[in-house]
Amino acid sequence: MLEIKNLHARIAEDGTEIIRGLNLTVKPGEVAAIMGPNGSGKSTLSYILSGREDYEVTEGDILYNGESILELDPAERASKGIFLAFQYPVEIPGVATMQFLKIAMNEQRKARGEEELTTPDFMRRVKEAAGELKIDPAMLRRPLNVGFSGGEKKRAEILQMALLEPKLCILDETDSGLDIDALKIVADGVNALKSPDRAVIVITHYQRLLEYIVPDSVHVLYKGQVIRSGSKDLALELEANGYADIIGEAA
Amino acid sequence: MNIQTTKRMTAAEVALVEAYTEQVGDLPGDASVTSTRDRLLDDIKNTGLPTRRVESWHYTDLRTLLRSVPAPVAAAPSLETIAPLVDGSKVLPVLQGSASASASVEGVEVSSFADALLSGAAASGLMALDRDDAIGKINGSLVRDGYALAVPAGAEIETPIELQALHGAGQVHTRFPAVFGAGSKATIIERHRSATGEAALVSSISDVTLEDGADVVWVIMQEQGADDTHLGQIRVRFGADAKLKLFVVNAGGKLVRQELRIDVEGEGSELTLRGVNLLGHETHTDVTLVLGHNVPHTNSTEIIRNVVFDRARGVFQGMIRVAPDAQKTDAKMACNTLLLTDDGEFSVKPELEIFADDVICGHGATVADIDDNHLYYLKSRGIPENKARAMLVNAFVAEVVEELEDEKLVEALESVISAWLEKHA
C-alpha cells in the first residue's frame, strides 16, 4: 500500500535535511508503529506523507498503491485516502465544525466521482461516529477545534478519520495529552477502522498506546532513517531499555 | 484656507456647483432651507473638496479621487423595489432618491424628508458638523428626500425596517433622521444599492437619536455599483442607558467614504460597532469613526474586519475622544485586515484622545495574509486550495457577523458576504 524508497527531504525554508534515506513498506491491513527519540523525524515524515509544502523531497520516492504521490497536493492525497491525525490540530475560528466536516466529506466524494451526501445522511453519520467516540454534541457546534481541550482535539481528529474513511491512516502522537480513559476511547475508534484494505501508521513515543492499538510491525526512526524494524516485541524492548542500545548498534 | 480660494476648481467641483445651480428652483425647501443650501454650496465653491492636507481626509484625498460627478438625471429611471435583505422586513423604498408618499410602518411615524425641507423643519439639521464635513456640505446643499422616522417611547417594533435606497445613473442625495423614543426597540437596515450599474454619485446622511433606554440595531449595507461614488454618514446621539448595535458592511462602490460620527451623551449607554469591508478591483473605501465618550460610565467596542483583493485600497480611521469628566469609560477598538494581494493596501489610523484618568481604552490593528497552517489543515482533509481559501476568508468576517445574534440577520449578511467572495476570490 505504501512504499517509501530512499527518501531524502529537507525543510524548504532553510534547507535543513530531516529525512535522510528512509525506507519503509506498509501493506494493506497492516498496523505499523513508528517510534524514535525526539528529533528523529517522525512528525516530519507524517507531514511529508500528507503533502505539507514546508518540506521538499530531494531524493527518493513515495509510492501509494504503486503510484508516486510526490506531485500531489494535500487535498489530492486526502481524496485518494491518505489521512493524518495531527499531534496539534489547529484552531480555526469562524469555521463551524459541522460545516467543515460536511465540506471535507463532500469534496472528497466529488474528487472521487461519488455523489455528495444529503444533509440527513451526513447528520446521521456524524451522530453515529460522534456517539461512539463519546463526543459531546455541543463540541460540534463550536468553531473547528476552538476552545477544545487537548483530549477533545484528539477525539475530533479520530472523528474526522472515521467520517472520511481513509485507506492510509497516520496517527501522529495521538496519545500525547490523553488520559487513560480518553486513550481507550481513541484506540477503540482506531481499532474499529481496522480492515484488510486499510493500513494504519502509528507514530508514538510510548509503548502505552501500542497496548491498545497492537502493531504488526515496529520501526525505529533515528536521524531520518529507519534503523531497525521488528515485531511488536521491539516496542517492549525499547520501553525496557530505551533507544541507546539500538542507536549504538546502528552507529 | 485662503490659498484654496485661488485654486482652479476640479471637474467634480464644477459639476457639483452646476448640479446645484441647475436644480436650484426645484430642490425642496422653504426660505431658511434654501439659504442654508446656498451657504453650504458657497462653502464648497470657496474651499473646494478636501485634499490630503485636511487631516481627516488625509488618506482619502477627495479632491483627487473624485474625478467626475455625473449630472443629475432629470427623468428618474423606472426602478422597482427588490426583496428585502431580511425576509419579512417592512420596506421603505427610496428610488432614485425619492421617498414613497404612501410608505408607512405600523407603530412608527414615517414622513418624507422632503416635507421637512418644504416646511423648514429640516433647516437647522442641514448645517455641516464642522469645517471639514464635506459630506455634510454636499448632502446639505443637494438633498431632496428620504424618510424621517420616529419610534414612539416604549414601542417595540419587531419587524425590521429596511430603508431601501436604489438608484440608476445620476445623483442621489438622501437623508434619514430617526428618533427612537425612550425605551423603544427597533432594527433598521439602511441599504444602498445600484439597480442598473450606471455611474452615480450618492450622498446619504442618517441622523439618529436614541432617547433614554432605547435599544436599536442599525445595519448599513452598502452594495453600490462598480462606478459609483458613495458618501455616507451616520450621526448618532445617545441618551442614558441606550444601546446601539451598529453594523456596517461595505461590499461595493468605486469610491466610498462612510463616516460614523457618534456622541455618547447618556450615562450607562453602550455602543457595539462592527464593520466588514470587502474590497476588490481598483476601488477606494474609507470608514471614518469619530466617537465621543462625553459622560461617565459608558461602554463601546469597535471591531472592523477588512478583506482586500486585487488593487483595492482601504482606510479605517478610528478616533475615540474621552471627555475630562467621562470617568469609567470602557472602549476597545480593533481593526483586522486580511490582505490577499501584493497590490492591495489598507491604512489604519487609530487615535485615542483621553482626557479622563479612570478609563479603560485600547486599540489594536493587525494585517495578515491567510494563515498557512489553517490552509494546510483544510487541504489535508481533502478541501481544494480555492475552496479552503474561500472558507478561511469567510471565517475571518463571519466571526464578527455572528455577534449580531439575530439569526435571520446573520444569515442575510452572511449570504451577501459569501456571494461577494464567490465573485471576487
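Thresholds applied
Residues numbered from 1 in each chain as written. Chains lettered and ligands numbered in written order. Predicted model: local features only at pLDDT ≥ 70, side-chain atom pairs only at ≥ 80, totals over all residues. Helix = DSSP H or I, 4+ residues; strand = E, 2+ residues; numbered from the N terminus. Contact = placed C-beta atoms within 7 Å. Rg over C-alpha atoms; globule rule 2.2 N^0.38 Å. Buried ≥ 20, exposed ≤ 12 C-beta atoms within 10 Å, placed from the backbone. Nonpolar A, V, L, I, M, F, W, Y, C, P; charged D, E, K, R; others polar. Pairing = 2+ DSSP bridges. UniProt positions renumbered as here; feature names shortened; annotations may be inferred. Expected span 1.5 Å × (residues − 1). Arc of directions from axis to C-beta.

- You'll find chain B entered in an unreviewed UniProt entry as Fe-S cluster assembly protein SufD, with Pseudorhizobium tarimense given as the organism.

- Chain A is annotated in an unreviewed UniProt entry as Fe-S cluster assembly ATP-binding protein of Pseudorhizobium tarimense.

Digging into the overall build of chain A
Here is step 1 of the chain: Along its length, chain A carries 10 helices and 10 strands.
Here is step 2 of the chain: C-alpha extents for chain A along the principal axes are approximately 55 × 40 × 35 Å.
Here is step 3 of the chain: Summarising the internal contacts of chain A: among those between residues at least 6 apart in sequence, 70% fall at separations of at least 24.

Some details on the overall build of chain B
Here is step 1 of the chain: Assigned secondary structure in chain B consists of nine helices and 19 strands.
Here is step 2 of the chain: Expected size for 425 residues packed as a compact globule is a radius of gyration near 22 Å; at 21 Å, chain B falls within 12% of this value.
Here is step 3 of the chain: The principal-axis extents of the C-alpha atoms in chain B amount to approximately 70 × 45 × 45 Å.
Here is step 4 of the chain: Counting the 425 residues in chain B, one finds 54% classified as buried.
Here is step 5 of the chain: If you take every contact in chain B between residues at least 6 apart in sequence, the share linking residues at least 24 apart comes to 83%.

Side note on the interface of chain A and chain B
Interface extent is often summarised as the accessible area lost during association of the parts.
Here is step 1 of the chain: Between chain A and chain B, the residue contacts involve 20 residues of the former and 17 residues of the latter.
Here is step 2 of the chain: Among the elements of the structure, α2 (74-79), α3 (97-111) and α6 (150-164) of chain A are those that each provide at least two residues to the side of chain A that touches chain B.
Here is step 3 of the chain: Among the elements that make up the side of chain A that touches chain B, the one with the highest residue count is α3(A) (five residues).
Here is step 4 of the chain: Within the side of chain A that touches chain B, the residues separate by chemical class into 12 nonpolar, five polar and three charged.

Quick notes on the sheet that holds strand β2 (residues 17-26) of chain A
Here is step 1 of the chain: Reading across from one edge, β2-β1-β4-β5 (chain A) is the order of the four strands in this open sheet, with antiparallel pairing throughout. If you trace the sheet from one side to the other, it starts and ends with β2 and β5 (67-68) of chain A, each paired once.

Structural notes on the environment of Arg235(B)
Residue and element names in this part refer to chain B.
Here is step 1 of the chain: In this structure, Arg235 sits in strand β10 (residues 229-238).
Here is step 2 of the chain: Taking the C-beta count within 10 Å as the criterion, Arg235 has 19 such neighbours and is therefore assigned partly exposed.
Here is step 3 of the chain: Sequence separation between Arg235 and Leu260 is 25 residues, and the spatial gap between their C-alpha atoms is 6.2 Å.
Here is step 4 of the chain: Beyond its immediate stretch of four places on either side in the chain, Arg235 contacts Ile205, Asp207, Val208 and Arg261.

Here's the deal with the pairing of strand β19 (residues 360-368) of chain B
All names here are of chain B.
Here is step 1 of the chain: Little of β19 is tucked away, with zero of its nine residues classed as buried.
Here is step 2 of the chain: Looking at chain direction, strand β17 (residues 330-339) and β19 are connected through nine bridges and run parallel. Counted as the bridge partner of Met333 is His363 from β19.

As for the UniProt feature "domain: ABC transporter" (unreviewed entry) in chain A
Here is step 1 of the chain: Here the UniProt-annotated "domain: ABC transporter" (unreviewed entry) positions come out as residues 2-248 of chain A.
Here is step 2 of the chain: Between the C-alpha atoms that bound residues 2-248 of chain A the distance is 29 Å, and the span itself is 39% helix and 26% strand.

Quick look at the pairing of strand β1 (residues 90-95) of chain B
All names here are of chain B.
Here is step 1 of the chain: For β1 and strand β5 (residues 161-167), the ladder comprises six bridges, and the chain directions are parallel. Its bridge partner lying in β5, Lys90 is registered against Ile161.
Here is step 2 of the chain: Here β1 pairs with strand β2 (residues 98-99) via two bridges, running antiparallel. Bridge pairing links Val94 to Ala99 in β2.
Here is step 3 of the chain: The hairpin turn running from β1 into β2, its antiparallel successor, is two residues long, and Gln96 in that turn takes a positive phi close to 50 degrees.

Observations concerning helix α7 (residues 180-193) of chain A
One full turn of an α-helix is made of 3.6 residues, so residues set three or four places apart face in the same direction.
All names here are of chain A.
Here is step 1 of the chain: Here α7 spans 20 Å end to end across 14 residues, near enough to the 20 Å set by a 1.5 Å rise per residue.
Here is step 2 of the chain: Three or more residues of α7 are buried, namely Leu183, Val186, Ala187, Gly189 and Val190. In an axial view of α7, the angular spread of the buried residues amounts to 155 degrees, which keeps them on one side of the axis.
Here is step 3 of the chain: Looking at the buried side of α7, the elements it contacts are α4 (119-132), α6, β7 (168-172), β8 (199-203) and α8 (207-212).

Section: the environment of Gly183(B)
Residue and element names in this part refer to chain B.
Here is step 1 of the chain: Within the secondary structure, Gly183 sits in the loop between β6 (170-180) and β7 (185-194).
Here is step 2 of the chain: The partly exposed category is assigned to Gly183, around which 17 C-beta atoms lie within 10 Å.
Here is step 3 of the chain: Separated by 31 residues in sequence, Gly183 and Ala214 place their C-alpha atoms 4.4 Å apart.

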